[in-house]
Amino acid sequence: RTWWAPVRPVPVDAPAPPKAHPHRGVPDRMWMYREPDGGLIGYVCRFRTAEGGKDDIPLCWARHSKSGKSEWRWLSFADPRPLYGLDRAAAMPEASLLFVEGEKCAEAAGLLLPELAGLTWPGGCNGVGKADFTSLAERPVKKALLWPDCDAKREKLTKAEKEAGVDSASKPLLPAEQQPGMKAMLAVAERLHALGYKVWLIDIPAPGEKPDGWDIA
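Sequence order sets the numbering: in each chain, residues are counted from 1 along the sequence as written. Selection of residues for local features in this predicted model requires a pLDDT of at least 70, selection of side-chain atom pairs for listing and counting requires 80 or more, and totals for whole chains, interfaces and linings are taken over all residues. As a rule here, side-chain values cover all heavy atoms of the structure and leave hydrogens and water aside.

Caption draft 1: Just the nonpolar core, in detail. In terms of nonpolar packing, the biggest core is built from 22 residues, with Leu97, Phe99, Trp121, Phe133, Leu136, Val188 and Leu192 touching the most fellow members. Mapped by element, the contributors of at least two residues to this core are helix H1 (86–91), strand S6 (97–99), strand S7 (117–119), strand S8 (143–146) and helix H4 (180–193). Under the scheme used here, helices are H or I runs from DSSP no shorter than 4 residues and strands are E runs no shorter than 2 residues, and both carry numbers assigned from the N terminus. Among the elements that take part in this core, H4 stands out by supplying five residues, more than any other. Note on definitions: a residue-residue contact is assigned when non-hydrogen atoms from the two residues lie within 4.5 Å. The contact partners of Phe133, leaving out residues within four places of it in the chain, are Leu83, Phe99, Val128, Val188, Arg191, Leu192 and Leu195. For this analysis, a nonpolar core means a set of buried residues of the types Ala, Val, Leu, Ile, Met, Phe, Trp, Tyr and Cys, connected via side-chain atoms within 4.5 Å. Residue exposure (1.4 Å probe, protein chains only): buried if accessible area is under 20% of the type maximum, exposed if over 50%, otherwise partly exposed.

Caption draft 2: Structural detail: the layout of surface pockets. Here the largest pocket is characterised by a volume of approximately 650 Å³. Lining residues are those with an atom within 4 Å of a point, where the points come from a 1 Å grid over the protein atoms alone and group into cavities, where a 1.4 Å probe fits but cannot get out, or pockets, open sets with protein on both sides within 12 Å along at least five of seven lines. What lines the largest pocket is a set of 28 residues, among which Arg46, Lys54, Asp56, Gly102 and Gly124 lie closest to the centre. It is strand S4 (residues 54–64) that contributes the most residues to the lining of the largest pocket, four residues altogether. By the convention adopted, Pro, Cys, Tyr, Trp, Phe, Met, Ile, Leu, Val and Ala count as nonpolar, Lys, Arg, Asp and Glu as charged, and the other residues, Gly among them, as polar. Looking at the lining of the largest pocket residue by residue, the class counts come to nine nonpolar, six polar and 13 charged. Grid points are joined across faces, edges and corners, and a volume is the space filled by probe spheres set on the points.

Caption draft 3: Summary view of helix H2 (residues 103–112). Listed as buried for H2 are Glu103, Cys105, Ala106, Ala108 and Ala109. Lining the buried residues of H2 we find strand S2 (29–34), strand S3 (40–48), S4, H1, S6 and S7.

Caption draft 4: Structural view of the sheet that holds S8. DSSP-based pairing: two strands are paired if at least 2 bridges between them are found. On the basis of which strands lie adjacent, the open sheet formed by four strands has the order S7-S6-S8-S9 and parallel pairing. On the outer flanks of this sheet lie S7 and strand S9 (198–201), each paired with one strand and no other. In this sheet, adjacent strand axes meet at a mean angle of 25 degrees when their direction is disregarded. Where S8 meets S9, four bridges bridge the pair, whose relative direction is parallel. By the bridge assignment for S9, Leu145 is matched with Trp200. Note on geometry: axes are lines fitted to C-alpha atoms, helical ones only across the stretch in contact, with angles between N-to-C directions running from 0 to 180 degrees. Most of the contacts of H4 go to S9, to which it runs at about 165 degrees, and overall it touches S6, S8 and S9.

Caption draft 5: Seen up close, the state of the cysteines. Count a disulfide wherever a pair of cysteine sulfur atoms falls within 2.5 Å. Inspection of every chain in the model, using the stated rule, returns zero disulfides. In this structure Cys45 is a free cysteine whose sulfur lies 9.8 Å from that of Cys60, the closest cysteine sulfur available. No disulfide involves Cys150; its sulfur sits 12 Å from that of Cys105, the nearest cysteine. Judged by relative accessible area, which is 1%, Cys150 ranks as buried.

Caption draft 6: Region of interest: unusual backbone geometry. Looking along the chain, the bond that leaves Arg8 and enters Pro9 is cis, with omega of 0 degrees. The omega torsion across Asp79 and Pro80 is -5 degrees, close enough to zero to call that bond cis.

Caption draft 7: Quick peek at the packing of aromatic side chains. Stacked, edge-to-face and tilted labels apply to pairs of Phe, Tyr and Trp rings (six-membered ring for Trp) whose centres lie within 6.5 Å, assigned for plane angles under 30 degrees, over 60, and everything in between, in that order. By the definition in use, this model includes six aromatic pairs. On the numbers, 5.9 Å between centres and 65 degrees between planes, the contact of Phe47 with Trp74 is edge-to-face. Of this pair, Phe47 sits in strand S3 while Trp74 sits in the loop between strand S5 (70–73) and H1, and the two are 27 residues apart along the sequence. Trp74 gets classed as partly exposed once you look at its relative accessible area, which sits at 24%.

Caption draft 8: Structural context of the pairing of S3. Within S3, eight of the nine residues are buried, leaving the element largely enclosed by the surrounding structure. Both S2 and S3 contribute to a ladder of six bridges, which runs antiparallel. Across the sheet, the residue bridging to Trp31 is Val44, located in S3. Counting the residues between successive antiparallel strands, the hairpin from S2 to S3 contains five residues, one of them, Gly38, with a positive phi of roughly 95 degrees. Counted between consecutive antiparallel strands, the loop separating S3 from S4 contains five residues, among which Gly52 sits at a positive phi close to 90 degrees.

Caption draft 9: View of the pattern of salt bridges. Throughout this description, the term salt bridge denotes a Lys or Arg side-chain nitrogen within 4 Å of a carboxyl oxygen of Asp or Glu. In the structure shown here, the tally under the stated rule is ten salt bridges. As a salt-bridge pair, Glu35 and Arg8 come within 2.7 Å of each other at their nearest N and O atoms. With Glu35 in the loop between S2 and S3 and Arg8 in the loop between strand S1 (4–6) and S2, this pair connects stretches of sequence that are 27 residues apart. Judged by its relative accessible area of 14%, Glu35 falls in the buried class. Here Asp56 and Arg46 are joined by a salt bridge, their closest N and O atoms 2.8 Å apart.

Following this line, the structure appears as structure tokens:
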């Protein structure tokens, strides 16, 4: 819980955002979220963890509800959270949308398939339910392609199997529809269908045919 609340869009006279996180240091990447008209919403910054993993942290302009002070804060976007690529989609009103998982993939989509408007949402696989898709409701062309990550997750070990030292790689792969990337895109499809979109799901390799997490990038 915090007294700070995100302000959207960021005021044009706001200072530049901090270059580093107080504990995690300088981010590897920074992605800028913008309104359809180009107004700045905030950033998502990627940091490398000590174990070699990744951690994405939002950075927002925020106001303290008691003091009235405003400043940059390492804080999640307000729910419902904005989509990444709204400005690109607004600049291409006749284009079909291409939904991918993650900002890095959305940037890759823009380079590889520039005729499509690449979009994603913040928060990874579990963030679809908190994202705001209503900003796409009035597009003249309501067509979207969905490109899931090609995940290769396996059934989880039971407590007894963990205690027995069973190798997690011995467990069977989850069915395609239960893989996190596919589940996320099926949830995106539901949100878009509710807005009247025609939706195509891109055919991806079966789980295990590619390294876990294989994607457009």
